[in-house]
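# Chains, contacts and geometry: an overview
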Amino acid sequence: MNGGPRPPRRRPRPYETGLRRPARSWIDYLPLISLAILLLAVGGVVVAVSAWLSPAGDPVPVPAFIGMHYDRASNVADNAHLRLHVVARRPDFHAGKDVVVGQLPAAGEKVRSGRTIDIIVSAGIPTVKTPNLANLSLRDAQLALEDARLGLGSVQQQANGDVIAGQVLEQHPDPFVEVQAGTKVDVVVAKGRPLTYTPSFIGLSIEFAKQAAKEAHFELGDAKYLPIAVGAKPKGVIVAQDPPPGQILQPKERVSLQVSGGAPPTPTPSPSPLPLETIQAEPSPSAALPSPAGQRFLRVSVALPQSDKPQPVRVVLQDASGSRTLYSQTTAGGMTLSFDITVSGAATIETYVGDTLISTTPL
């Protein structure tokens, strides 16, 4: 037996022992594959950004394409070694069809040769309907056209006394017609008539008022007859009007009248043992106005003379008690007035035109 040191023992190798190394799966290489893909993606992005930001060759200024027709813009882009790309088409109120209305990059910027320029092209001017301008003032008509994206064209005037000055009478094109936005609409406005003031019909007979209104081209409304009342004006006399006298009369405005229905008739006194005319008096020396012989209640009618133009007319009662004015108005006459009066003794009715006595009627 040898007592010297023993050599170290070594492990047997797989091939020496007959064992095989296990085969690797593709999953073992997945981290390497992912890393490679990531590096390729980052490299592609870097290359693309570098190609976008770093022009190859001389920089090219971007032309101003806005306002050009697409065909012309395309030729200009070719000459500048650029390409055009239409990203949108939209209606435009200020540009015709196929006109460039937007671009990116903006005009004047420098890009690399061959760069694509995005543009927006007009699809044409939209159509709108013309509003109805009839009876509007010129100012309101202009506002209505602006709201409809239209414009005011020529303004002509036409004499028309039935409407207020400045109102629209006609328009061209007609209302509710389809036209392009921005179209000018021509209008015809009324010159109108001079200011007219309401005349005074108060105190005149309804027949005279109708004739006067017809001659002056006034429109009268329906006359309203008031009920019979004590102390009322004679029947047929105008006592109120609307609009009042002196007010500006609008075109086609009518004047409404209120007409007196008259006073109630004086009742006939029944026989009495003490009649009203029982007080007797001695006659006075005056032949025109004898002394009172008693009081009498009478209804008298006075026909006013007719004249070509209105004149002051007065009806005066003279009796034993003195003088009283029964009627005083400026009128053309031609009417009959009725009065319920109380007279003392002998009496007369005197009618004056101006200061001229034209008739005397004893009672």
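Residues numbered from 1 in each chain as written. Predicted model: local features only at pLDDT ≥ 70, side-chain atom pairs only at ≥ 80, totals over all residues. Heavy atoms only, no water.

Check the secondary structure of the protein and you find five helices and 21 strands. For the protein, the residues scored as buried account for 28% of the 363 residues in total. Within the protein, contacts between residues separated by at least 24 positions form 68% of all contacts whose residues are at least 6 apart in sequence. Within the structure as shown, the protein displays about 24,100 Å² of accessible surface, and the carbon and sulfur contribution to it stands at 56%. (Helix = DSSP H or I, 4+ residues; strand = E, 2+ residues; numbered from the N terminus. Buried < 20%, exposed > 50% of the residue type's maximum accessible area, 1.4 Å probe, protein only. Contact = heavy atoms within 4.5 Å. Areas by Shrake-Rupley, 256 points an atom, 1.4 Å probe, with all protein chains shown as cover.)

Bringing the pattern of salt bridges into the picture now. The full count for this structure, using the stated rule, is four salt bridges. Measuring nitrogen to oxygen at the nearest pair gives 2.8 Å for the salt bridge that ties arginine 299 to aspartate 340. Residue arginine 299 is found in strand 16 (residues 295-303), and its partner aspartate 340 is found in strand 19 (residues 336-344); the two are separated by 41 residues along the sequence. Judged by relative accessible area, arginine 299 falls into the partly exposed class, the value being 42%. Here aspartate 319 makes a salt bridge to arginine 324, at a shortest N to O gap of 3.3 Å. (Salt bridge = Lys/Arg side-chain N within 4 Å of Asp/Glu carboxyl O.)

Here we take up the environment of glycine 261. Position of glycine 261 among the secondary structure elements: in the loop between strand 15 (254-259) and strand 16. The residues touching glycine 261, leaving out its near neighbours within four places in the chain, are Leu226, Pro227, Ile228 and Lys235.

The next subject is the sheet that holds strand 20 (residues 348-353). The pairing of strands in a sheet comes from backbone hydrogen bonds and takes either a parallel or an antiparallel form. With antiparallel pairing, the four strands of this open sheet are ordered in space as 18-17-20-21. Every other strand in the sheet has two partners, leaving strand 18 (322-331) and strand 21 (356-362) as the edge strands with one partner each. For this sheet the average axis-to-axis angle between neighbouring strands, irrespective of direction, equals 15°. Relative to strand 21, strand 20 runs antiparallel, the two being bridged by six bridges. Within strand 21, the residue paired with glutamate 350 across the bridge is threonine 360. (Pairing = 2+ DSSP bridges. Axes fitted to C-alpha atoms, helices over the stretch in contact; angles between N-to-C directions.)

Time to look at the nonpolar core. Counting 15 residues, the largest nonpolar core has Leu304, Val315, Tyr327, Leu337 and Phe339 as its most contacted members. Those elements that place two or more of their residues in this core are strand 16, strand 17 (311-319) and strand 19. Element by element, the count of residues in this core is highest for strand 19, at four residues. Among all residues touching phenylalanine 339, those that are not within four sequence positions of it are Leu298, Arg299, Val300, Val302, Val315, Leu326 and Tyr327. (Core = buried A, V, L, I, M, F, W, Y, C linked by side-chain atoms within 4.5 Å.)

As for its placement among the helices and strands, threonine 198 is situated in the loop between strand 11 (196-197) and helix 5 (206-215). We classify threonine 198 as buried; its relative accessible area is 3%.

What follows concerns the pairing of strand 10 (residues 184-190). Of all seven residues making up strand 10, five are buried, and the element is well covered by its neighbours. Here six bridges tie strand 7 (residues 151-158) to strand 10, and the two strands are oriented parallel to one another. Looking across to strand 10, one finds that leucine 152 is bridged to valine 185. Where strand 8 (residues 168-172) and strand 10 come together, four bridges link them in antiparallel fashion. Directly across from valine 168, in strand 10, lies its bridge partner valine 189.

This next bit is on the packing of aromatic side chains. Using the criterion set out here, one finds zero aromatic pairs in the structure. The aromatic ring of tyrosine 352 is capped on one face by arginine 314, whose charged end is 4.6 Å from the ring centroid. (Phe/Tyr/Trp six-rings, centres within 6.5 Å; stacked < 30°, edge-to-face > 60°. Lys NZ or Arg CZ within 6 Å of the ring centre and 35° of its normal.)

Turning next to the confidence of the model for the protein. Summarising the model, the protein shows a mean pLDDT of 79, and 81% of its residues fall at 70 or more. Here residues 269-292 is a poorly scored stretch, pLDDT under 50, and it has 21 contacts once near neighbours within four places are set aside; other chains count. (pLDDT = per-residue confidence, 0-100.)

Attention shifts here to the environment of valine 99. When you line up the elements, valine 99 lands in the loop between strand 2 (83-90) and strand 3 (100-104). Residues valine 99 and isoleucine 120, spaced 21 residues apart in sequence, show a C-alpha to C-alpha distance of 8.6 Å. Contacts of valine 99, omitting those with residues within four sequence positions, involve Gly67, Met68, His69, Ile120, Val121 and Ser122.

A few words now on a nonpolar patch on the surface. Side chains of Tyr29, Leu30, Leu32, Ile33 and Ile37 sit close together on the surface and give an oily, nonpolar patch of about 490 Å² of accessible area. In this structure, isoleucine 33 sits in helix 2 (residues 30-53). (Patch = residues over 30% accessible without salt bridge, like charges linked within 9 Å, V, L, I, M, F, W, Y side chains within 5 Å.)

This paragraph deals with the environment of alanine 209. As for its position among the elements, alanine 209 is in helix 5. With relative accessibility at 0%, the residue alanine 209 sits in the buried group. Leaving out residues up to four positions away in the same chain, alanine 209 has contacts with Phe201, Leu220, Ile238 and Leu257.

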